[in-house]
Amino acid sequence: MHGDIIHPDTKFQEIVVLGPPSPGCTVFSDLCVPGQHRVTSEPCVTINPRYDLAVLPYSSGTTGKAKGVMLTHYNVIAAIHMIFG
């Protein structure tokens, strides 16, 4: 399923899904099991919250095919502030 929406030249390390399991993907709830942390140290990555992609949800495609919506870290925090004040 995900193979047809991800360009073959894209360098993903892992795809995490929030819904039901999908071949080749990790289910988010599996990452939240206590005592089963797979990351042993913090990654050494510098991000720019205003410009670096945080999530890529797909729209319902009301005007045609579903489209990926690129949300930055800043977009996510702004949405949380709008909802929770």
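On a predicted model such as this, the values are computed, not experimentally measured, just so you know.

So, on to the overall build of the protein chain. Helix and strand content of the protein chain: two helices and four strands. Seen in sequence order, the protein chain has helices and strands lined up from the N terminus as β-β-α-β-β-α. Among the 85 residues that make up the protein chain, the fraction classed as buried is 9%. Contacts in the protein chain between residues at least 24 apart in sequence constitute 10% of all its contacts with a sequence separation of at least 6. Carbon and sulfur atoms make up 62% of the accessible area of the protein chain, which totals about 7,600 Å².

Before going further, it helps to examine the environment of V17. If you trace the backbone, V17 turns up in strand β1 (residues 16-17). Residues V17 and S29 lie twelve residues apart in sequence; the distance between their C-alpha atoms is 8.9 Å.

About the criteria used
- Residues numbered from 1 in each chain as written.
- Predicted model: local features only at pLDDT ≥ 70, side-chain atom pairs only at ≥ 80, totals over all residues.
- Heavy atoms only, no water.
- Helix = DSSP H or I, 4+ residues; strand = E, 2+ residues; numbered from the N terminus.
- Buried < 20%, exposed > 50% of the residue type's maximum accessible area, 1.4 Å probe, protein only.
- Contact = heavy atoms within 4.5 Å.
- Areas by Shrake-Rupley, 256 points an atom, 1.4 Å probe, with all protein chains shown as cover.

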